[in-house]
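Each chain, letter by letter, is given below.
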Amino acid sequence: MAGFGPEGSYGSYGSYGSYGSYGSYGSYGSYGSYGSYGSYGDGYGDPFVTGALISNRDGIVGPWNQPDAAPPELAEEDPEHLRLWSTPVRQGLYQFEMFSRLNFSFADGTARAWHLETQQHGPNPPGADYLPLMQMTRPGDDQFLAQLVYLDSYAALRPDRGAEILAQISVAMPFWRSIPFIAPERTKWTIDLIFAAYALANFVEMRFKHALACRRPIEYSPQVQPIIPTPLHGTLPSGHATESFTAATVLSRLLQHAGGTYGTGEWPLMLMRQASRIAVNRTVAGVHFPVDSAAGAALGLTLGDYLVKRCLGQNEDYNAVGFDGTEFVDPAAEVDDDFYWTEFVGFDSNGHVEQKFDGRAADFLSHTTQSLNGAQQSGILTWLWRNAVEEWT
């Protein structure tokens, strides 16, 4: 997976390089120290500064004067307070809003993720319905074996792709920010949205990985010899593919909603190409089969579309998608069953990204249309989306 989890602990969720105060995003459980976020370089936490603050207070406070009035109360359940909270707190709120509407099941060899649609009525317990979101069936061993030939072929690209592979082990933020102009000082809420998308992708992909329990390429042949450590979880779906296509979809739709030159033409095309390259690099590295990337692309495009529709806070339709791994690979047929992102992604007449379900994709993808009740969507996610869009207008 990319960044916060494939290797185990959400990595340096925010290896974001020197992305200012976003630091290393700690270890995602406790959010670590969130890099240097919080100190802002002001010296808090330095024992010398602490001692100086103690003596300074003693020197300037004087006799205690009880205040006559409290500061104005903050409004309750107001998304505007997100401006006041720390980054880890905001991310925790986004994740609650996303994760609390998800469920998972496994039956008859098929793993399924569900969206929980609620009908809230004041203080009473909400009514609930589960709507399909994603279902996935794994390939068989003979199909994984047939895909080993691609790992051998892709290994020839390792000298050219080695630097990319290492740089993309964690969250690939430097690669996203190389396309649209993303920087903490100017796109704070866009960055929040990207990390929320990564969190959603990781949360869902790991549940599918656990249920489907597919072995890694290294377990099929001693000649694979990956150039990076093989992650300690199942191979399908690819986490890097899932997260990258989720992020690319959300970014593309964000720029589209902002309007202007960002939302059409080369921008969404470059984002999708970037998602594909990140996914394919995992096969080059020797840790994923092409079918893993195919499953991850299908899941990531679905989650990206779903997250955007939840953020819009309106009556929106989303695609509930099925991926059948047994139909993606046909060992008996002389067909090219490598991963090609263009089999999953299309562009409408305005240059906007859309999921494809025709052509070869019709062999292994299925979909139905599901409807969200805008009145019951998240005010927090809607607020985040609105403020992210404003950064690009």
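Calculation notes
Residues numbered from 1 in each chain as written. Predicted model: local features only at pLDDT ≥ 70, side-chain atom pairs only at ≥ 80, totals over all residues. Heavy atoms only, no water. Axes fitted to C-alpha atoms, helices over the stretch in contact; angles between N-to-C directions. Helix = DSSP H or I, 4+ residues; strand = E, 2+ residues; numbered from the N terminus. Parallel < 35°, antiparallel > 145°, perpendicular 65-115°, else oblique. Contact = heavy atoms within 4.5 Å. Nonpolar A, V, L, I, M, F, W, Y, C, P; charged D, E, K, R; others polar. Salt bridge = Lys/Arg side-chain N within 4 Å of Asp/Glu carboxyl O. Buried < 20%, exposed > 50% of the residue type's maximum accessible area, 1.4 Å probe, protein only.

### With respect to the packing of helix α7 (residues 239–258) against helix α8 (residues 266–285)
A pair of packed helices can be characterised by two numbers: the angle between their axes and the separation between those axes. Interhelical geometry of α7 versus α8 gives an angle of 175° and a closest axis separation of 9 Å. Taken together, α7 and α8 sit at an angle that is classed as roughly antiparallel. For the pair formed by α7 and α8, the contact residues are His240, Ala241, Ser244, Phe245, Ala248, Thr249, Leu251, Ser252 and Leu255 on the first element and Pro268, Leu271, Met272, Ala275, Ser276, Ile278, Ala279 and Arg282 on the second. Along the lines of polarity and charge, the residues of the contact of α7 with α8 split into eleven nonpolar, five polar and one charged.

### Details of the pattern of salt bridges
Inspection of the entire model under this criterion finds seven salt bridges. Taking the shortest distance from any N to any O, the salt bridge between Arg215 and Glu219 comes out at 2.7 Å. Of the charged contacts in the structure, one is a salt bridge between Arg360 and Glu343, with a shortest N-O distance of 2.9 Å. Here Arg360 is found in the loop between β6 (353–355) and β7 (365–371), whereas its partner Glu343 is found in the loop between α10 (325–328) and β5 (345–347), with 17 residues between them in sequence. The exposure class of Glu343 is buried, given its relative accessible area of 15%.

### With respect to unusual backbone geometry
In this structure, the amide linkage connecting Leu236 to the following residue, Pro237, adopts the cis form with an omega of 0°. Along the chain, Pro237 falls in the loop between α6 (188–212) and α7. The residue Glu77 is not glycine, and still its phi comes out positive at about 50°. Glu77 sits in the exposed class, given a relative accessible area of 75%. One non-glycine residue, Asp108, adopts positive backbone phi at about 55°. Its place among the elements puts Asp108 in the loop between β1 (102–107) and β2 (110–121).

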